[in-house]
Amino acid sequence: MSAVLDHHGGHAHDDHAHDHHPTGWRRWVFATNHKDIGTMYLLFSFTMLMIGGVLALGIRAELFQPGLQYVNPQLFNQLTTMHGLIMVFGAIMPAFVGFANWMIPLQIGAADMAFARMNNLSFWLMIPAALMLVASFFMPGGAPAAGWTLYAPLTLQMGPSMDAGIFAMHILGASSIMGSINIIVTILNMRAPGMTLMKMPLFCWTWLITAYLLIAVMPVLAGAITMTLTDRHFGTSFFNPAGGGDPVMYQHIFWFFGHPEVYIMILPAFGIVSAIIPAFSRKKLFGYASMVYATASIAILSFIVWAHHMYTTGMPVTGQLFFMYATMLIAVPTGVKIFNWLATMWKGEMTFEVPMLWAVGFLFVFSMGGFTGLILAMAPIDIQLQDTYYVVAHFHYVLVAGSLFALFAGVYYWGPKWTGVMFSETRGKIHFWGSLIFFNITFFPMHFLGLAGMPRRYADYPMQFADFNAIASVGAFGFGLMQVYFFFFIVLPMMQGKGEKAPQRPWNDPDGRGAEGLEWEVPSPAPWHTFETPPKLDATATKVVG
Amino acid sequence: QVNDLPGGPAVNQLNLHPPASQIAEQQQWLHWMMLIICLAIFVAVFGVMFYSILKHRKSVGHKAANFHESLTVEIAWTIVPFIIVIAMGAMATRTVVAQKDTSNADITVKATGYQWKWGYDYLKGEGEGIGFLSTLDNSHREMSDAGAPQGDDYLLKVDNPLVVPVDKKVRIVTTANDVIHAWMVPSLGVKQDAIPGFVRDTWFKANKTGDFYGQCAELCGKEHAYMPIHVKVVTQAEYTAWVDGKMKEMQALADDPSKVWELADLVARGEKVYQANCQACHQANGKGAGPIKALDGSALVLNDPAAQIQILLNGAANGAMPAWRQLSDTEIAAVITYTKNSWSNQTGKLVQPAEIVAARK
Amino acid sequence: MAATTPAGSTPYYFVPGPSRHPAMVALGMFFVILGAGQWVNGAGWGAYSLLLGVVIWLSVLFQWFRDAIAESEGGLYSDRIDVSFRWSMSWFIFSEVMFFAAFFGALYWARVHALPMLGNLDHQILWPDFKAIWPSAGGGATASPAGTVEPFQTMGPWPLPTINTALLLTSGLTLTIAHHALIANQRAKTIFWMWITVILGATFVGVQAYEYMHAYRDLNLKLSSGIFGSTFFMLTGFHGFHVLVGMLMLLFITLRLMKGHFTPQRHFGFEGAAWYWHFVDVVWLGLYFLVYWL
Ligand code: HEA
Ligand code: HEA
Ligand code: CUA
Ligand SMILES: [Cu+2]
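The rules behind each value
- Residues numbered from 1 in each chain as written.
- Chains lettered and ligands numbered in written order.
- Predicted model: local features only at pLDDT ≥ 70, side-chain atom pairs only at ≥ 80, totals over all residues.
- Heavy atoms only, no water.
- Helix = DSSP H or I, 4+ residues; strand = E, 2+ residues; numbered from the N terminus.
- Buried < 20%, exposed > 50% of the residue type's maximum accessible area, 1.4 Å probe, protein only.
- Contact = heavy atoms within 4.5 Å.
- Areas by Shrake-Rupley, 256 points an atom, 1.4 Å probe, with all protein chains shown as cover.
- Near = heavy atom within 4 Å.
- Polar contact = N/O pair within 3.5 Å; in protein donor to acceptor, adjacent residues only side chain to side chain.
- Nonpolar A, V, L, I, M, F, W, Y, C, P; charged D, E, K, R; others polar.
- Domains from an automatic or database assignment.
- Salt bridge = Lys/Arg side-chain N within 4 Å of Asp/Glu carboxyl O.
- Buried area = accessible area lost by both parts, 1.4 Å probe.
- Pairing = 2+ DSSP bridges.
- Axes fitted to C-alpha atoms, helices over the stretch in contact; angles between N-to-C directions.
- Patch = residues over 30% accessible without salt bridge, like charges linked within 9 Å, V, L, I, M, F, W, Y side chains within 5 Å.
- Donors = N, O, S within 2.8 Å, 3.2 Å for Na, K, Ca; no water.
- Parallel < 35°, antiparallel > 145°, perpendicular 65-115°, else oblique.
- Left-handed = near helix turned anticlockwise from the far one by under 90°.
- Expected span 1.5 Å × (residues − 1).
- UniProt positions renumbered as here; feature names shortened; annotations may be inferred.
- Tetrahedral: all angles 85-135°; square planar, octahedral: opposite > 155°, others 65-115°.

### Regarding the overall build of chain A
Part 1 of the argument: Looking only at helices and strands, one finds 16 helices and zero strands in chain A.
Part 2 of the argument: Structurally, chain A occupies a C-alpha span of about 70 × 50 × 45 Å along its principal axes.
Part 3 of the argument: With 546 residues in all, chain A has 75% of them scored as buried.
Part 4 of the argument: Taking the intrachain contacts of chain A between residues at least 6 apart in sequence as the baseline, contacts between residues at least 24 apart amount to 81%.
Part 5 of the argument: Element-wise, carbon and sulfur atoms account for 72% of the exposed surface of chain A, whose accessible area totals about 14100 Å².

And the structure:
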């Protein structure tokens, strides 16, 4: 099978004449190929990013000035809710699964995912769910408007779209669980001989741990929303105090899911960054083992910090203290990661192609979000800041500048491998600098708004908050335009094959230093089938030798 | 043009409100401490990074070293941040404990969140027995709809502020009638969710007089942005005077639940209750909206006074229709009578307060 | 990809060719969630859409499993793939454990936290007459602060749940006997004990159905009986549903055994179903103590 290895260009299919490579729509709908499914995941999530982004622009347009201009308060709450849900479950999570699909088999030298058909099922299940979520805007009473956290008992007041939403979330959860099982099994059982766990690229490690998080918490979310459903329609009183239930119980169950969920959205990002920084520093990743342990520590700690979202619900003082200290501890393993990346860059031989720019941008801006997280973790300060725009600022710094920036970094880094085409460096830089600047224009002022006490999920606000809101709104439109630019000037040309042909190892110097890993051992674009029989690896498990 | 609102937000305010209680001062202090430490770490860490970016780049001819692990530094940069965060937590612990200590209050006030207003009941201490609702000034809601807001207290002006004396420990007991709300006043350093069916508490001791503003801080439905909180902190003498006045006013307004009403009077009274409490969901035309049931033409309203009383007292649909026990017997009787005699419902039936008294048992 | 392997040897990897099953399942699910969402809101057509979805789903599942079984019997699944199936089944069961954990958590929270709190001194301003007694302490209590829940009696451990416990424990045993027989290549014995297991499982479901009827008819214990009814029915209900699914799994395994599938060395399908059954068993023990006894 070494025929597919180590040659430039995309004529690797010749020796596969016997493969019935399906064409047309069948190729996608009936897909069992991890690369095709990965592509579908990525396109799906980008579509959802656009939809969620348009909803965000609705929010920002309304908040551009005080007073109601474009939407009524109910519709505003719908926008906020659906923006959160679509971004979290439709954009960020599937995007990382798309990366997992594309990269994990390539990185561990496997032919495909362990369960190729189930893999496609995980993808296609998202389609009815997404349709349902989007359709909920057109149901009587409009879309769910209880916030993405869907707190009871407000959810009991929602119209029929709430149930559509709940069922959609069930399906998305099933999709995530199946996807995670697939990833775990692929990583544990499909590695090429010689690819020991501690030689595996960090992206695989972070995804392995993320998949465990998903399996542990998605069913809990399913439980929470099932209780909501039965409270709504079948007379149960889980969240109804008149029958002995407790609305706060919903929050405990939700955040037991919700906090690990936010690490689900950042750990794979750490994996992507851990691949890019060594490549462009021309130096091995510093402290590989401690990176693995730090990732695992973050995951384990994430299960015991959930109530930092609930300081204002009136927990006993011991509860507040426990959750405060536990939350602050997460800064330690996260710090270890930041420091290891720095040490990787230190005394390297850095160049700053677009993927590296995004990775460095990620480090810088994500850390700001991390620090505001730490400030929120302090219970007394959180009493001031809970449910204000400070929180909104915090999580967009970690989610947009964290997860989304890392996703962009990954697209630029591996995009040439996927499509066989190089993007334009200049355009990539425009996209990066434009996004970075507009991102900060949008979300930095929100810290001030939050400190000054502007509550989140508000359709209208006191006049004193007007200027910062106006700035944020301008930034949001700018940021949105940059993403449109990204699609039309970078993604589309690459998908259409317009542009310079990508070499097999686009990020390596002539002497071979730079990006390492098995994904660079196959040509660009990666042929439809790779590693049909397990490759023989060198001692570091980064090169194919036979 | 807009100016700072003392006790509320200032124009382009960059930091927390000027504190008006000791807890708020401590929160402010902790925030500054965190900000400075985090900034210091940030500058140090990214100072190193940018130094490295500038010096260790290919374009300036730096050649890659090839070290890639060191147990010593890993241990160091685990232990040091560990100590830092524990120290941060330790600084906050005292305040956490103090915030939660609601014992020995001079005055206890229950704050009840309604969709979409606040109800205050003075439970203990001077002023015990006073109770009133506090609603956003209607002109502000109209300005909002018109998209043409004005004024320094836009969205913060209420009809009846909560009045409390300065330098007295005020315990606020929160609860809610329908969904979760949150009672927050930044200058006083309090924010406490108000949870239906449960009570929670928090406290403050204002150390200066003045007006302090806050807003509902938990998503509670469509008018979430329109249920502000206004705390008026006054001197002890002013407070005593206010209590006297309020008591007299309430006595004058109190209803006798054994009074037997005429239909027209009760409907007129009921209309006011309806507008204040029911209209937001059931609509002025009684038709409801979305999941909210219509009252106009409803069989239950037309025919079944007992069931209707039960629903008003206990709620329905798992709390989607909240319980309205806190209304007086007269008010409940009036509003039921109103629904039986409005829109197309012209039953001529009438429910007397005495029936509510009986049903409450 | 199977095609690249010389006849007779199992491939290192198994990558199935294009398949329409996944997309069809998704289509079925579309009708399921569309229908279910409308149905619970009283739109009659929702039920038909739900039904249509379930039919699509089941028929695709049937074909899918048929394909997979054919592949398995066709010798396409190497030992490595066997291991993959083992991992996946284990982690699937783990996810089920977490699902039940949410409901056990709700039970814990309601009993240990919410209910006592609703009855404490502070809460007397809201619920002046409420005494926080978990209903299992005595008949007639409602666990409802507002008194809106009709009085009901609780379901004690005796006799039905205890019978059910015995049934499930026995079925675990008979299943193990069947497994040993399979390993010893005594097919007739395996099949016999499998049928016993399936029957025990079916009886469990029957007893539970009877128990529910009893609860509704005689005890006035309903889904709407406050938090007690909510947790009781949701926990036992989801468990009962899992028993049903597990029983069907065992049934199909038995039918496959009768068709001559599985070998003493290779029978993951059997083991996977058995694991699932044991998991259901363990959950039941949890329920038996936490829901019925305590
Ligand atoms: C990708 C997602 C993501 C990530 C990674 C994080 C990371 C963190 N988050 Fe965040 N968070 C969210 C997403 C995320 N969060 C979301 C979506 C919400 C709102 C949900 C909602 O209500 O809708 C939220 C809300 C939220 C709250 C609740 C606020 C409120 O509602 O009142 C809190 C409180 O503790 C918090 C804390 C933290 C902490 C301590 C971290 C830590 O993990 C951060 C650790 C990182 C660093 C600290 C920086 C780097 C470290 C160093 C350079 C080392 C040296 C540092 C020190 C020694 C201090 N987050
Ligand atoms: C998970 C990731 C994620 C991402 C990527 C984003 C991205 C953005 N978010 Fe969001 N956000 C959340 C997760 C995310 N958000 C969550 C979880 C909440 C909480 C919800 C809740 O409270 O329940 C929230 C809430 C939230 C709020 C608070 C709402 C409120 O409290 O009422 C705001 C307000 O400004 C906001 C803004 C934005 C903006 C401007 C972007 C931008 O980055 C979006 C940029 C993208 C585009 C704009 C799309 C591309 C453009 C087009 C398709 C063409 C049209 C464009 C132009 C003509 C310019 N978000
Ligand atoms: Cu009340 Cu928000
Ligand atoms: Cu969190």
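### Some remarks on the site of ligand 1
Part 1 of the argument: Trp148(A), Tyr263(A), Asp382(A), His394(A) and Arg456(A) are the nearest of the 32 residues found near ligand 1.
Part 2 of the argument: Residues lining ligand 1 come from chains A and B.
Part 3 of the argument: A distance of 3.3 Å is found between an oxygen atom of ligand 1 and a backbone nitrogen or oxygen belonging to Ala377(A).
Part 4 of the argument: When residues of the shell around ligand 1 are traced back to their parent elements, those giving at least two are α7 (247-264), α11 (331-345), α12 (354-377) and α14 (389-419) of chain A.
Part 5 of the argument: Examining the composition of the shell around ligand 1, we find that eight residues originate from one element, α12(A), more than from any other.
Part 6 of the argument: Its residues assigned to classes, the shell around ligand 1 shows 20 nonpolar, ten polar and two charged.
Part 7 of the argument: Formed jointly, the shell around ligand 1 draws a minimum of three residues from each of two domains, domain 1 (1-265 + 516-546) and domain 2 (275-511) of chain A.

### Here's the deal with the interface of chain B and chain A
Frequently, the measure chosen for interface size is the accessible area removed from exposure when the parts meet.
Part 1 of the argument: Listed per partner, the contact involves 103 residues of chain B and 105 residues of chain A.
Part 2 of the argument: Where chain B meets chain A, there are two salt bridges.
Part 3 of the argument: The salt bridge involving Lys58(B) is made with Asp509(A); its shortest N-O contact spans 3.1 Å.
Part 4 of the argument: Our count for the contact surface shared by chain B and chain A stands at 37 residue pairs in polar contact (both at pLDDT 80 or more).
Part 5 of the argument: Only α1 (22-55), α2 (71-100), α3 (138-146) and β7 (190-194) of chain B provide two or more residues apiece to the side of chain B that touches chain A.
Part 6 of the argument: Considering only residue class, the side of chain B that touches chain A consists of 57 nonpolar, 29 polar and 17 charged.

### Details of the interface of chain A and chain C
Part 1 of the argument: Listed by partner, the interface residues are 71 residues for chain A and 62 residues for chain C.
Part 2 of the argument: When the buried surface of chain A facing chain C is broken down by residue, Phe30(A), Arg117(A) and Asn189(A) rank first, second and third, together holding 13% of it.
Part 3 of the argument: For the pair chain A and chain C, the number of links is one salt bridge.
Part 4 of the argument: The partner of Arg117(A) in a salt bridge is Glu71(C), with the nearest N and O atoms 2.9 Å apart.
Part 5 of the argument: For the pair chain A and chain C, the number of links is ten residue pairs in polar contact (both at pLDDT 80 or more).
Part 6 of the argument: Contributing elements (two or more residues each) for the side of chain A that touches chain C: α4 (116-135), α5 (161-189), α6 (202-233) and α7 of chain A.
Part 7 of the argument: With twelve residues, the single largest contributor to the side of chain A that touches chain C is α6(A).

### Observations concerning the environment of Ile93(C)
Residues and elements named next belong to chain C.
Part 1 of the argument: Of note, Ile93 is situated in helix α3 (residues 79-118).
Part 2 of the argument: Owing to a relative accessible area of 11%, Ile93 belongs among the buried residues under this scheme.
Part 3 of the argument: In this structure, the C-alpha to C-alpha distance between Ile93 and Pro18, residues 75 residues apart in sequence, is 28 Å.
Part 4 of the argument: Those residues in contact with Ile93 that lie beyond four places of it in its chain are Trp275, Tyr276 and Phe279.

### Some details on the sheet that holds strand β9 (residues 210-214) of chain B
Hydrogen bonding along the main chain pairs the strands of a sheet, whether they run parallel or antiparallel.
Residue and element names in this part refer to chain B.
Part 1 of the argument: With respect to topology, three strands assemble into an open sheet ordered β4-β10-β9, the strand pairing being mixed. Looking at which strands have only one partner, the edges of the open sheet turn out to be β4 (162-165) and β9. With direction set aside, neighbouring strand axes in the sheet form an average angle of 25 degrees.
Part 2 of the argument: With five bridges connecting them, β9 and strand β10 (residues 229-234) associate as antiparallel partners. Residue Gly214 lies in a different strand from β10, and its bridge partner there is Ile229.

### Side note on a nonpolar patch on the surface
Residues and elements named next belong to chain C.
Part 1 of the argument: A cluster of nonpolar side chains, Trp195, Ile199, Phe241, Leu244, Leu248, Phe252, Leu255 and Met258, forms an exposed patch at the surface whose accessible area comes to about 740 Å².
Part 2 of the argument: Mapped by element, the contributors of at least two residues to the nonpolar patch are α5 (187-219) and α6 (226-258).
Part 3 of the argument: The dominant element in the nonpolar patch, judged by the number of residues it contributes, is α6, at six residues.
Part 4 of the argument: Positionally, Leu255 belongs in helix α6.

### Topic: the coordination of the iron atom of ligand 1
Part 1 of the argument: What the protein offers the iron atom of ligand 1 as a donor is a single atom, His394(A) (NE2), at 2.1 Å.
Part 2 of the argument: Along the polypeptide, His394(A) turns up in helix α14.

### Section: the packing of helix α8 (residues 329-340) of chain B against helix α9 (residues 353-360) of chain B
All names here are of chain B.
Part 1 of the argument: Running from amino to carboxyl end, α8 crosses α9 at an angle of 115 degrees, the nearest separation of the two axes being 8 Å. Comparing the axis directions of α8 and α9 gives the class roughly perpendicular. As α8 runs across α9, the sense of the crossing is right-handed. Residue-level inspection shows Asp329, Thr330, Ile332, Ala333 and Ile336 of α8 in contact with α9, the latter providing Pro353, Ile356, Val357 and Arg360.
Part 2 of the argument: Looking at the contact of α8 with α9, its residues break down into six nonpolar, one polar and two charged.

### Looking at the site of ligand 2
Residue and element names in this part refer to chain A.
Part 1 of the argument: Around ligand 2 lies a shell of 32 residues, among which Arg60, His83, Trp148, His396 and Arg457 are the nearest.
Part 2 of the argument: One of the side-chain nitrogen or oxygen atoms of Arg60 is found 2.8 Å away from an oxygen atom of ligand 2.
Part 3 of the argument: Here His396 contributes a side-chain N or O atom positioned 2.8 Å from a nitrogen atom of ligand 2.
Part 4 of the argument: Elements supplying a minimum of two residues to the shell around ligand 2: α2 (34-63), α3 (73-108), α14, α15 (425-451) and α16 (466-495).
Part 5 of the argument: Class assignment of the residues belonging to the shell around ligand 2 gives a composition of 22 nonpolar, seven polar and three charged.

### Points about the sheet that holds strand β2 (residues 117-124) of chain B
Residue and element names in this part refer to chain B.
Part 1 of the argument: Within the open sheet, the five strands sit side by side as β3-β2-β1-β5-β8. Their pairing is mixed. The strands lining the two open edges of the sheet, one partner per strand, are β3 (131-134) and β8 (200-204). The sheet shows a mean angle of 25 degrees between the axes of neighbouring strands, taken without regard to direction.
Part 2 of the argument: Judged from the seven bridges that link them, strand β1 (residues 107-114) and β2 form a sheet pairing that is antiparallel. Of the residues in β2, the one forming a bridge with Lys110 is Asp121.

### Let's talk about helix α9 (residues 288-301) of chain A
Part 1 of the argument: Taking 1.5 Å per residue, 14 residues should reach 20 Å; α9(A) reaches 20 Å between its end C-alpha atoms and fits that length.
Part 2 of the argument: Residues of α9(A) that are buried include every one of Tyr288(A), Ser290(A), Met291(A), Val292(A), Ala294(A), Thr295(A), Ile298(A), Ala299(A) and Leu301(A), and no others.
Part 3 of the argument: In the core, the buried residues of α9(A) are packed alongside α6, α7, α8 (267-281), α10 (317-329) and α11 of chain A together with α2 of chain B.

### With respect to the UniProt feature "domain: Cytochrome oxidase subunit I profile" (unreviewed entry) in chain A
Part 1 of the argument: The positions that UniProt labels "domain: Cytochrome oxidase subunit I profile" (unreviewed entry) are, in the present scheme, residues 28-538 of chain A.
Part 2 of the argument: Annotated as 67% helix and 0% strand, the span residues 28-538 of chain A places its first and last C-alpha atoms 35 Å apart.

### Concerning the coordination of the iron atom of ligand 2
Residue and element names in this part refer to chain A.
Part 1 of the argument: Donor atoms from the polypeptide that bind the iron atom of ligand 2 are His83 (NE2) and His396 (NE2), placed at 2.0 Å.
Part 2 of the argument: Classification of the site at the iron atom of ligand 2 as octahedral follows from its six donor atoms and the range of 88 to 179 degrees in their angles at the metal. In this pair, His83 sits in helix α3 while His396 sits in helix α14, placing the two residues 313 residues apart along the sequence.
Part 3 of the argument: Classification of His396 as buried rests on a relative accessible area of 13%.

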